[in-house]
Amino acid sequence: MKSLSILTAVAVVSALVMAALPAQAASKYRAARHASPARTYDGLWSVSIRTQEGPCDPAYRYPARIIGGRIVQADNDFSYQISGAVVASGGIAVTVSKGGQNAVGYGKLHGSTGGGRWSASGNTCWGTWTALRRASN
């Protein structure tokens, strides 16, 4: 699963992954996707991923951008796809796809920090993530 190295990027919202999500994660995903956007969290974020179980790399770090409550690519690296949403309460759901593999993350942002859990499709890997808003947006 080394091909997920940029991936595990917070996580992430896609119909491809819905079937692999635990019921609780799927419910949080649907709620975040259909709630009103949270522009409060717009900007550039630095995301750190920690693998707690499975054959994925032990740690990842990557940028993510939130625009109008939607999570999008923060750089020009199109080797992976990222999508997701954050709502006014700070609830967040994200899907990252790379090389035919997917990961889903969910959690909460508060002010300029955040955190939560992620898992790869098929639950082959899982862990936690933290995020910090970058000073220059």
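Structure shown above.
Residues numbered from 1 in each chain as written. Predicted model: local features only at pLDDT ≥ 70, side-chain atom pairs only at ≥ 80, totals over all residues. Heavy atoms only, no water.

A. Here's a closer look at the sheet that holds strand β8 (residues 126-133). A barrel is described by the order of its strands in space; here 8 strands give the closed sequence β1-β2-β3-β4-β5-β6-β7-β8, paired in antiparallel fashion. Taken over all neighbouring pairs, the strand axes of this sheet differ in orientation by 25 degrees on average, direction set aside. Looking at chain direction, strand β7 (residues 113-120) and β8 are connected through 7 bridges and run antiparallel. Residue pairing in the sheet places R117 in a bridge with T128 of β8. (Pairing = 2+ DSSP bridges. Helix = DSSP H or I, 4+ residues; strand = E, 2+ residues; numbered from the N terminus. Axes fitted to C-alpha atoms, helices over the stretch in contact; angles between N-to-C directions.)

B. Fine view of the environment of R50. Relative to the helices and strands, R50 resides in strand β1 (residues 43-53). Between the C-alpha atoms of R50 and G127, which are 77 residues apart in sequence, the distance is 5.6 Å. Dropping the residues within four chain positions of it, R50 is found in contact with P58, A59, W118, W126, G127 and T128. (Contact = heavy atoms within 4.5 Å.)

C. Focus on the state of the cysteines. With the rule as written, the count across this model stands at 1 disulfide. With a sulfur-sulfur separation of 2.1 Å, C56 is cross-linked through a disulfide to C125. Handedness of the C56-C125 disulfide follows from its S-S torsion of about 105 degrees: it is right-handed. Here C125 lies in the loop between β7 and β8 and C56 lies in the loop between β1 and β2 (59-67), a separation of 69 residues in the sequence. (Disulfide = S-S within 2.5 Å.)

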